[in-house]
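The primary structure of each chain is shown beneath.
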Amino acid sequence: MAGVEPTAPAIGAGRAGRSALNILPRGASLRGILWQAVLLVVVLGLGWWLVGNAERNMAARGLSFGFGFLERSAGIPIGEHMIPYTPADTYARALTVGLLNTLRVAIVGILLCTVLGVALGLARLSSNPLLRALTGGYIEVIRNTPLVLQLVFWHALLLQLPSVRQALNPLPGVFLSQRGVKIPALVAEPALYWMLGALAAGAIGWWLLLRRERARQAATGERRPTILPGLAMLLGLPALSMLAMGAPRVEWPELAGFNFEGGLALSPEFFALLVGLVVYTSAFVAEIVRSGIQSVHKGQPEAAQALGLTPGQKMRLVILPQAMRVIIPPMTSQFLNLTKNSSLAVVIGYPDLVSISNTSINQTGQAIEVIAIFMAVYLALSLITSLLMNFYNSAVALKER
Amino acid sequence: MSATLAPPAPGFFTRAAIFARACVTGPLNIAITLACVALLVWLVPPLLRWAVLDATWSGTAAQCREAGGACWAFVREKFWFSIFGLYPYEERWRPATMIVILVAMVLASCQRRFWNRWLMLAWAVAAPAMLLLMAGGVLGLTPVATRQWGGLTITGIIAVYGLALGYPLAILLALGRRSDLTLVRWFSTAIIECVRGVPLISLLFMAAIMLPLFLPEGVTLDRLARVLVAYTLFTAAYMAEVVRGGLQAMPRGQYEAADALGLSYGKKMRLVILPQALAITIPSQVNTFIGLFKDTTLVVVIGVFDFFTTLRAALGDPNWLGFPTEAYVFAAGVYFVLCFAMSRYSQRLETTFRPGQR
C-alpha cells in the first residue's frame, strides 16, 4: 500500500506523497515499514518456535500448561506466615504467603533505609570533618561490596549470637539470640485501635490546620504559629482516648522455659534480610541525598541567610524543596531496587515470594507458570511504586508557566 | 621555616591542625566529635585485637582456636581454591594464564591512548582464546568441563563476557528505544522494562530452569552458557538505559547537522552521535558495571561456583569448621578493592569527559 510512493530514499523523506498516505504517521517511509515488518516476522517466528519447543518438551515430561496446580495442596512448610497457613493449603495460598512476606520486608525496609539514608547523607555534609570521614568510609565500604555477601555475613553474625538463655539485652524489652530478635508488642484490643484512630485524627487535624494557615499567609501575609496547636491535637487526642478507653497494653517478652513468651518475634532470617537490605540501600540513599543537597546552588542558602532565616528555616524552606526535585527520581529506583533485592532472601532461607516459587517449581515442574506469576507480581509492584512516587514527584516538581 | 627543612611533614601537620580545629568549633560540633571518638574507641581496639594482635597467620585450625583471634591461616589455606575452584590441579596453569591475559587486557583497555581499532581486534582474538584455553579439547589440551570451573576465574569470565556480549546489544536496544519506528521502539522498551522490572535472580532462574524447556529436544545448553545468557540480557538492559541517557543528552543540532550532510541513519549514528553519546556516559557506564560486577555473586542461587560461593564451600571443610567471618571479610576485601578501584577510575574519567569543560 505504501507502493504509491515512487521511491523512499531515506527515513523522513516522501513528504510530497503524504496527502495520499495520511494513514501513516509522520516520517513513515517504505524502508521503515519494511524494517518493522521484518522485525515482526522475526519476533513472531521466534515466539512460535519457542512455544512449539516448550509444548513438545512439556509433553515429553508429562506436564501440561495451565494454572490448575494452584488449587492443589502444596505441602510446603513455611516458618513465617502473616495469614494462617498449613502445609495442607494450596499452592495459591503458599505463594500469597510468600508475597506478603516480600511486602513485609520491603515496606519496613523502605521506611528504615530512608531514615538511615537521610541521616547518613546529612552526616556526610556535616561541618565536622571526623563525622564526615567516618560516614564516607562507611558508605564506600557498603557500596563496594556485594549485597549477597552482606546478607550472608549478617545471617552468620546473628547465628553466632548466644543461645536463648544467655540472650543479649541491649535495651529493656529487646532480646537478641540465635532464635532471632524479640521486641515488645502492642496487644491488639479496642484500646489500641482507639488510640491509633485518635493519633490519625490528630495528624489529619494538624495537616488541615497547616493548610488553612498557609492559605491565610498567602492571602493576608499574616503568620500564625501552627506548631503548638498542632502538637496539642496530635498528642491531646490520643491522651483523651487513653483516659476514656484505658492505655493500650504492651506485651513484654519474657524468658519462660526454653524460649521467650509474648512480644513480637523477628526470625533470624527476617532480621538478617532486613538489616542487610537497610544497610546496603541506605548507603545509596545517603549519596542521593548528599548530591541532591549539593545540587542546590550556593547562592540559595546565602540568600536565605541574608534574609535572616534561621538555619532550620533555611533547610526547610529553601534547600530541601529544591533538593527534593533532584532526590526523588533516583530515590524511587532505590526503593524498587530494595524490593527486587529482597528476592535474595532465598540465599539465607527467608520464605519470600521467589523462594516459595522456587520450591513450587521444583515440586510441580510448572516452571513457566510460576515464573510468569512472580515476574508479573514484581512488575506490578514496580509500577505501583513508581506511580506513587511520580504523583509525589509531580507535586514537588518545579511549576513552570 | 620548617617547610624548607622537611617539605612533606608540615603539609601533614598543617592539615591535621586544620582538621582538629574544624572538629571543635562550637558546643554541638564538640559533642559530635566526642561521639565519633567514643564510637572509634568502642570499635577499633577490639577489631584490631581480633584482626591483627590475636590473629593466626599460619598453622592449623586447632592453633587458630587456641589463639582466639581471626584465623587468616584458613584464608591462606583456601586462597588458591578460591581462585581456581575445582579446576584439575595439574591444569591450573591454564586458568592462571587466562587471568593474566584478562588482567592485561583490562588494564590496557583502561588506557585512553589504546582506545582504537587495535584494541577491539585484540579483544576479538583474546576473548575466544581465553575460553578455548579454559575448556581445552584443542591443541592437545585436555578438555575440562565447565562444571569444574570455579572461583575468581568464573567471576571474571561472567563479568567480562557478560559485558562484551551485552554491550553491543545495549547499544541496539538504546537506539531501538529512541527509534522513529513504532514497532522497534515498542519491542526495545518492552525488553528493557521487563528485564529491569524483575529481580535479577528471577532471570537466572529463568535461564536455569525455563531455557531448557524452550530449546529444541536434544539440544542442551551448558550451565555456564545459560548463566551468560541471563547475565548478558541484564547487562544489556541496564547499559541500554545509560546509553539512552547519552543519546538524549546529544544536542539536536548534532542530529540535524548529520542529516544536513545527507548521512544515512547508520552513518549518522556510527560517525556522529554514538561516539559522543558513549563518551559522555563512560563514567555512568563504569558505575553500572560496578553494580553488575557485584551482582555476579547472584549466581550462587543456581549453584555456579563463583569466587564467593567457592569460599563459602570452603567453609564446609571438616578440618576448618567455624571460620565464616574470616572468609566473608576476605571476600568483602577482594570485592571492595576491585569495585573501589573501578569507581576511582570512573571519577578520574569524569573529570576528562565532563561536557562543557573540555
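Small disclaimer: the values here were computed from a predicted structure and weren't measured.

Student: Looking at this structure, I do not really get a nonpolar patch on the surface. What am I missing?
Tutor: All names here are of chain B. Taken together, the side chains of Leu39, Leu40, Trp42, Leu43, Val44, Leu47, Leu48, Val52, Leu53 and Trp57 present a nonpolar region at the surface, about 1000 Å² in accessible area. Following the sequence through the fold, Trp57 ends up in the loop between helix H3 (27-53) and helix H4 (61-67). Under the relative-accessibility criterion, Trp57 is labelled partly exposed at 46%.

Student: What is the right way to look at the pairing of strand S3 (residues 180-183) of chain A in this model?
Tutor: For a regular strand, the rule is simple: side chains alternate between the two faces of the sheet. All names here are of chain A. Here strand S2 (residues 174-177) runs beside S3; their pairing, made up of three bridges, is antiparallel. The residue of S3 that forms the bridge with Leu176 is Val181. Between the end of S2 and the start of S3, which pair antiparallel, lie two residues. Where S3 meets strand S8 (residues 264-266), three bridges bridge the pair, whose relative direction is antiparallel. In the strand pairing of S8, Val181 is matched with Leu266.

Student: Explain the packing of helix H9 (residues 311-341) of chain A against helix H12 (residues 367-396) of chain A here, please?
Tutor: Residues and elements named next belong to chain A. Across the interface, H9 lies against H12 with an axial gap of 10 Å and an inter-helix angle of 165 degrees. The angle between the axes of H9 and H12 places the two elements in the roughly antiparallel class. As H9 packs across H12, the resulting crossing turns out to be right-handed. The residues of H12 that touch H9, namely those facing Met324, Arg325, Ile328, Pro329, Thr332, Phe335, Leu336, Thr339 and Lys340, are Tyr378, Leu381, Ser382, Thr385, Ser386, Met389, Tyr392, Asn393 and Val396. Here the residues of the contact of H9 with H12 are counted per class, giving 10 nonpolar, six polar and two charged.

Student: I tried to follow the nonpolar core on my own but got confused; where do I start?
Tutor: Side chains of a nonpolar character, in soluble globular proteins, are inclined to be buried together. By size, the foremost hydrophobic cluster in this structure holds 169 residues, and its most contacted members are B:Phe74 and B:Leu247. When residues of this core are assigned to their parent elements, the largest contribution, 15 residues, is made by helix H7 (residues 268-294) of chain A. Excluding residues that lie within four positions of it along the chain, B:Phe74 makes contacts with B:Ala314, B:Leu315, B:Trp320, B:Phe323 and B:Ala327. In terms of nonpolar packing, the next biggest core, distinct from the first, is built from five residues, A:Ala123, A:Leu130, B:Cys23 and B:Cys36 among them.

Student: Sorry if this is basic, but what is going on with the sheet that holds strand S1 (residues 168-171) of chain A here?
Tutor: By definition, the strands of a sheet pair up through backbone hydrogen bonds, in either a parallel or an antiparallel sense. Residue and element names in this part refer to chain A. Within the open sheet, the four strands sit side by side as S1-S2-S3-S8. Their pairing is antiparallel. What marks the edges here is a single partner per strand, and that holds for S1 and S8. For this sheet, the mean angle separating the axes of adjacent strands, direction not counted, is 25 degrees. On top of the sheet, H7 reaches S2, S3 and S8; it is set at about 70 degrees to S8, its chief contact.

Student: How should empty space enclosed by the protein be read in this particular structure?
Tutor: Empty pockets left among the atoms are what a rolling probe the size of a water molecule brings to light. Evaluated as defined, the whole model comprises two cavities of 30 Å³ or more. Contributing to the lining of the second largest cavity are A:Leu336, A:Thr339, A:Lys340, A:Tyr378, A:Leu381, A:Ser382 and B:Gly197. Looking at side-chain class alone, the lining of the second largest cavity contains three nonpolar, three polar and one charged residues.

Student: Would you take a moment to explain helix H9 (residues 182-197) of chain B for this structure?
Tutor: Note: α-helices contain 3.6 residues per turn, so residues at a spacing of three or four share the same orientation. Taking 1.5 Å of rise per residue, 16 residues should cover 22 Å, and H9(B) covers 22 Å from first to last C-alpha, within 8% of that figure. For H9(B), the elements touching its buried residues are helix H1 (30-60), H9 and H12 of chain A together with helix H8 (152-177), helix H10 (200-214) and helix H11 (223-249) of chain B.

Student: I keep staring at the UniProt feature "domain: ABC transmembrane type-1" (unreviewed entry) in chain B and nothing clicks. Help me out?
Tutor: When the UniProt feature table is mapped onto this chain, "domain: ABC transmembrane type-1" (unreviewed entry) is found at residues 148-346 of chain B. The annotated region residues 148-346 of chain B carries 77% helix and 0% strand content, and the separation between its end C-alpha atoms amounts to 34 Å.

Student: Sorry if this is basic, but what is going on with the UniProt feature "transmembrane region" (unreviewed entry) in chain A here?
Tutor: Under the UniProt annotation, "transmembrane region" (unreviewed entry) lies at residues 33-51, 103-123, 191-210, 231-250, 270-289 and 370-392 of chain A. In residues 231-250 of chain A, helix accounts for 75% and strand for 5%; the two terminal C-alpha atoms are 24 Å from one another.

Student: Mind showing me how you'd approach the packing of aromatic side chains here?
Tutor: This model, assessed by the stated rule, comprises 21 aromatic pairs over all chains. Between the aromatic rings of B:Phe307 and B:Phe330, the centroid separation amounts to 6.0 Å while the plane-to-plane angle is 65 degrees, which identifies the pairing as edge-to-face. Highlighted residues: B:Phe307 in helix H15 (residues 307-314) and B:Phe330 in helix H16 (residues 324-353), separated in sequence by 23 residues. For B:Phe330, a relative accessible area of 17% puts it in the buried group. An aromatic cluster is defined as three or more aromatic residues linked by ring pairs; in this entry it consists of B:Phe79, B:Trp80, B:Phe84, B:Phe289, B:Phe293, B:Phe307, B:Phe330 and B:Tyr335. Positioned above the aromatic ring of A:Phe270 is the side chain of A:Arg104, whose terminal nitrogen or guanidinium carbon lies 4.2 Å from the ring centre.

Student: Would you mind going over the domain arrangement of chain A with me for this structure?
Tutor: Many authors give the size of an interface as the accessible area that is lost as the parts come together. When the domains of chain A are assigned, the result is domain 1 (91-158 + 268-396) and domain 2 (188-247). A straight line from the C-alpha centre of domain 1 of chain A to that of domain 2 of chain A covers 30 Å.

Student: What exactly am I supposed to notice about the pairing of S2(A) here?
Tutor: Side-chain alternation along S2(A) places A:Val174 and A:Leu176 on one buried face and A:Phe175 and A:Ser177 on a second face that is also buried. Where S1(A) folds back on S2(A), the antiparallel hairpin that results is connected by two residues, among which A:Gly173 adopts a positive phi of roughly 85 degrees.

Student: Where do I start with the side chain of A:Glu287 in this structure?
Tutor: All names here are of chain A. Among the structural elements, Glu287 can be located in helix H7. Exposure remark for Glu287: the relative accessible area of 12% places this residue in the buried category. Not counting residues up to four positions away in its chain, the partners in contact with Glu287 are Arg124, Ile139 and Arg143.

Student: Mind showing me how you'd approach the interface of chain A and chain B here?
Tutor: On the side of chain B, 55 residues touch chain A, which itself brings 52 residues to the contact. Between chain A and chain B, roughly 4700 Å² of surface is buried when both sides are summed, and carbon and sulfur atoms account for 76% of that area. At the boundary of chain A and chain B, one finds zero salt bridges. Where chain A packs against chain B, one counts 12 residue pairs in polar contact (both at pLDDT 80 or more). Taken together, the elements giving at least two residues each to the side of chain A that touches chain B come down to H1, helix H3 (129-143), helix H4 (147-159), H7, helix H10 (345-348), helix H11 (353-364) and H12 of chain A. When residues in the side of chain A that touches chain B are grouped by element, the largest group, 14 residues, is from H1(A). Here the residues of the side of chain A that touches chain B sort into 35 nonpolar, 12 polar and five charged.

Conventions we followed
- Residues numbered from 1 in each chain as written.
- Chains lettered and ligands numbered in written order.
- Predicted model: local features only at pLDDT ≥ 70, side-chain atom pairs only at ≥ 80, totals over all residues.
- Heavy atoms only, no water.
- Patch = residues over 30% accessible without salt bridge, like charges linked within 9 Å, V, L, I, M, F, W, Y side chains within 5 Å.
- Areas by Shrake-Rupley, 256 points an atom, 1.4 Å probe, with all protein chains shown as cover.
- Salt bridge = Lys/Arg side-chain N within 4 Å of Asp/Glu carboxyl O.
- Helix = DSSP H or I, 4+ residues; strand = E, 2+ residues; numbered from the N terminus.
- Buried < 20%, exposed > 50% of the residue type's maximum accessible area, 1.4 Å probe, protein only.
- Pairing = 2+ DSSP bridges.
- Axes fitted to C-alpha atoms, helices over the stretch in contact; angles between N-to-C directions.
- Parallel < 35°, antiparallel > 145°, perpendicular 65-115°, else oblique.
- Left-handed = near helix turned anticlockwise from the far one by under 90°.
- Contact = heavy atoms within 4.5 Å.
- Nonpolar A, V, L, I, M, F, W, Y, C, P; charged D, E, K, R; others polar.
- Core = buried A, V, L, I, M, F, W, Y, C linked by side-chain atoms within 4.5 Å.
- 1 Å grid on protein atoms, 1.4 Å probe; cavity = no way out; pocket = protein on both sides within 12 Å on 5 of 7 lines; lining within 4 Å.
- Points joined across faces, edges and corners; volume = space filled by probe spheres on them.
- Expected span 1.5 Å × (residues − 1).
- UniProt positions renumbered as here; feature names shortened; annotations may be inferred.
- Phe/Tyr/Trp six-rings, centres within 6.5 Å; stacked < 30°, edge-to-face > 60°.
- Lys NZ or Arg CZ within 6 Å of the ring centre and 35° of its normal.
- Domains from an automatic or database assignment.
- Buried area = accessible area lost by both parts, 1.4 Å probe.
- Polar contact = N/O pair within 3.5 Å; in protein donor to acceptor, adjacent residues only side chain to side chain.

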